[in-house]
Number of protein chains: 2
Amino acid sequence: MRTYLDCIPCFLKQALEAARLAHADQAIQKEVLERLFQEIRQFPLELSPPRMGKTIYAIVKNLTKKEDPFAQIKQKSNRLALSLYPRLKEKTEKSCDRLLTALELAIAGNVIDFGVKNSLEIEQEVKAFLNGDFDIHNEYNKPIFAYAEFRQALDEAKTILYLADNAGETVFDRIFIEQIKEVDGGKEILYAVKESPIINDALAEDAFFCGINNLARVISSGCDAPGTILEFCSKDFLKIYKEADLIISKGQGNFEALSEEKRRPIFFLFRAKCPIVAQDIGCKVGDFILKR
Amino acid sequence: MRTYLDCIPCFLKQALEAARLAHADQAIQKEVLERLFQEIRQFPLELSPPRMGKTIYAIVKNLTKKEDPFAQIKQKSNRLALSLYPRLKEKTEKSCDRLLTALELAIAGNVIDFGVKNSLEIEQEVKAFLNGDFDIHNEYNKPIFAYAEFRQALDEAKTILYLADNAGETVFDRIFIEQIKEVDGGKEILYAVKESPIINDALAEDAFFCGINNLARVISSGCDAPGTILEFCSKDFLKIYKEADLIISKGQGNFEALSEEKRRPIFFLFRAKCPIVAQDIGCKVGDFILKR
């Protein structure tokens, strides 16, 4: 997805939030914004928002000397999500279409985003999901929820590349992967996390903490942008990316980075978190998306 | 009120909205943002947000050659508010404290802000107010709703300067001024509007259209910022400002511009529309404010 002018105020907001999380004082916060102004002026809008996301967090890191301002938040997300695991698993086990429920859960888990929400709000959202309060577009054939198509692609796939999004969300991914394995235990699944800290995106340590490594091979994409931007990925990753039979891409950042990829069989699973992305897809903010 | 770093993303958002209302194409919208970057870099944060507001709309005017992009919106607001007048008046007449109800209405009218809301939302908000759905802080002595203090100042005042905010909101002001006149018909009231178009702020034509001129003398502040910034006001206005016994200041923009004024007896009536102002005052977003 290209960057819209409306993304620019949001870039500044994200930069301020990250700078504050890194305990930057007023002067440093202002310096972060000024450097960002310079970057934005030179930024071609044809590039995707995570490209600028990478720059934003590089500026914050450079000026605050904090390697991972979101470290605590990620730990908190992991612990919160693990504490929810038994209830999520129970919900899945009781469902008449366990794979679909686990897939919906994997999308619901995309709310774990401490950038915008606190733990109470996350618990409430998950509870609302468990109660069936969401109007999920699981009518199998809607363009923004292409479940039938996904199901077929999954059945045919031997090797699946799963692109992770946030820490904590990994627990929801685990339940989904457990169900994929239940359908066919012989499938090879590779779970790709980011190479180094970027916002609250999952790293290898988060995948391990949440137990993904017992189900899938945890790999790094080599990328440190808040989305899998292919030109920043490692050669090893790109080989896997090109050879996988199916790519499951989690989160808005990965969608923004890869939405124009026509050559690979990618399904994007995420909740539309901002009006610009919602407009780009043709859905409402908050919608559950399963889009090829 | 000083400008916070958090105001900066919001400045860019406002600039984009105004540029689009003025039918600016993508290239002009980008140019508006670039010029704004330059202005923001030089902007001392000690100044109030409406100072930058003035600059934003000057840039948009300069690049789009549109004198008044909000003209239609203002007309729409005036007509919508006038259509609500009978119901608002009835609500006031039925109240056991008509002045208080009219004052609350004047604050409720501050929702008429097409920058952020559409007409359906405005009607819903007004309806919610008429139904008594709002938790207004009218317990007379709360610091953010100083009604007892206001009542006393009003009783003692002979000349009242009323600083208008948005078009449409003027109808709500009219009901409040009608009640002030009912308390004491002998008070002289001056209703100050902006000198030239700035966002959806009321101009003389809006005050006349809404019938304020039958109750108060409509004057111009001489200022074209989205808030009454004294150094941009006319000499005539400043004389009135210095001599008035009581100043009633409507809206967040006027609060931001005048909140540090210690020399004059000003009561600020508005709804807190953004988290930064709410934090500055110590209230929640949406709260009804009557603050000296």
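This is a predicted model, so every value here is computed, not measured.

Rules behind the numbers
Residues numbered from 1 in each chain as written. Chains lettered and ligands numbered in written order. Predicted model: local features only at pLDDT ≥ 70, side-chain atom pairs only at ≥ 80, totals over all residues. Helix = DSSP H or I, 4+ residues; strand = E, 2+ residues; numbered from the N terminus. Rg over C-alpha atoms; globule rule 2.2 N^0.38 Å. Buried ≥ 20, exposed ≤ 12 C-beta atoms within 10 Å, placed from the backbone. Axes fitted to C-alpha atoms, helices over the stretch in contact; angles between N-to-C directions. Left-handed = near helix turned anticlockwise from the far one by under 90°. Contact = placed C-beta atoms within 7 Å. Nonpolar A, V, L, I, M, F, W, Y, C, P; charged D, E, K, R; others polar. Pairing = 2+ DSSP bridges. Core = buried A, V, L, I, M, F, W, Y, C linked by C-beta atoms within 7 Å. Least-squares fit on C-alpha atoms with pLDDT ≥ 70 in both. pLDDT = per-residue confidence, 0-100. Domains from an automatic or database assignment.

Scanning chain A from N- to C-terminus turns up twelve helices and six strands. Here the C-alpha radius of gyration of chain A, 18 Å, is about what a compact globule of 292 residues would show, namely 19 Å. Along the first, second and third principal axes, the C-alpha atoms of chain A reach 55 × 40 × 35 Å. A burial count over chain A gives 48% of its 292 residues as buried.

The subject of this paragraph is the packing of helix α4 (residues 71-94) of chain B against helix α5 (residues 98-108) of chain B. All names here are of chain B. Contact pair α4 / α5: the axes reach a minimum separation of 7 Å and the direction vectors enclose 150°. The element α4 and its partner α5 pack so that their crossing is right-handed. Residue-level contacts link L88, K91, T92 and E93 of α4 to R98, T101, A102 and L105 of α5. In terms of residue class, the contact of α4 with α5 is built from three nonpolar, two polar and three charged.

Residue and element names in this part refer to chain A. The contact between helix α1 (residues 7-21) and helix α2 (residues 26-42) brings their axes to 10 Å, and the two run at 145°. As for the relative orientation of α1 and α2, their crossing is right-handed in sense. Packed against α1, whose contacting residues are I8, F11, L12, A15, L16, A19 and R20, the element α2 presents I28, Q29, V32, L33, L36 and I40 at the interface. Its residues assigned to classes, the contact of α1 with α2 shows eleven nonpolar, one polar and one charged.

Locating A:E46 in the fold gives a position in the loop between α2 and α3 (49-64). In sequence terms A:E46 and A:R2 are 44 residues apart; their C-alpha atoms lie 4.8 Å from each other.

What follows is about the sheet that holds strand β4 (residues 246-250) of chain B. Across a sheet, paired strands are connected by hydrogen bonds in the backbone, their directions being either parallel or antiparallel. Residue and element names in this part refer to chain B. Pairing is mixed across the open sheet formed by six strands, whose spatial order is β3-β2-β1-β4-β5-β6. Taken across any chain shown, the strands that pair with only one partner, and hence form the sheet edges, are β3 (217-220) and β6 (288-291). Strand after strand, the sheet turns through a mean of 20° between neighbouring axes, direction not considered. Where β4 meets strand β5 (residues 266-271), four bridges bridge the pair, whose relative direction is parallel. Note that in β5 the partner of I247 across the bridge is I266.

The next thing to look at is the interface of chain A and chain B. Counting residues at the interface gives 13 residues for chain A and 13 residues for chain B. Residue assignment for the side of chain A that touches chain B shows that the elements contributing at least two residues are α1 and α2 of chain A. If you tally residues by element for the side of chain A that touches chain B, the top one is α2(A), at six residues. Here the side of chain A that touches chain B is composed, by residue class, of seven nonpolar, one polar and five charged.

Moving on: the nonpolar core. Membership of the largest hydrophobic core comes to 179 residues, with the highest contact counts inside it found for A:A15, A:Y162, A:Y191, A:L269, B:A15, B:Y162 and B:L269. For A:Y162, the residues in contact, after removing those within four places along its chain, are A:D173, A:I177, A:I189, A:L190, A:Y191, A:A192, A:A216 and A:I248.

Residue and element names in this part refer to chain A. Reading across the sheet, the six strands line up as β3-β2-β1-β4-β5-β6 and stay open at both edges, with mixed pairing between neighbours. A single partner strand is all that each edge strand has here, and the edge strands are β3 (217-220) and β6 (288-291). Here the average twist between neighbouring strands, direction ignored, is 20°. Pairing of strand β1 (residues 159-163) with strand β2 (residues 188-193) involves five bridges; the strand directions are parallel. Residue pairing in the sheet places Y162 in a bridge with Y191 of β2. Sheet strands in contact with helix α5 (residues 98-108) are β4 (246-250), β5 (266-271) and β6, and its direction is about 60° off that of β5.

With that settled, the discussion passes to the relation of the copies chain A and chain B. Between the two copies, chain A and chain B, the superposition gives an RMSD of 0.0 Å; the rotation angle is 180° and the shift along the axis is 0.0 Å. Taken together, the rotation and translation describe the operation of a two-fold axis. Looking at the rotation axis and the C-alpha trace of chain A, the residue lying nearest is A:P9, at 2.1 Å. A symmetric contact is evident, with 100% of the interface residues of chain A recurring at the interface of chain B.

Residue and element names in this part refer to chain A. Chain-level statistics for chain A give a pLDDT mean of 90 and a share of 93% at 70 or above. Taken element by element, chain A is modelled with least confidence in helix α6 (residues 119-130), mean pLDDT 74, and with most confidence in β1, mean pLDDT 98. Across the whole predicted complex the pTM is 0.87, and at the interface the ipTM reaches 0.82.

All names here are of chain A. By the assigned domains, chain A splits into domain 1 (7-64) and domain 2 (71-291). Taken together, the contacts link nine residues of domain 1 with twelve residues of domain 2. Those elements giving two or more residues to the side of domain 1 that touches domain 2 turn out to be α1 and α3. Broken down by element, the residue count for the side of domain 1 that touches domain 2 peaks at six residues, all from α3. Classifying every residue of the side of domain 1 that touches domain 2 gives four nonpolar, two polar and three charged.

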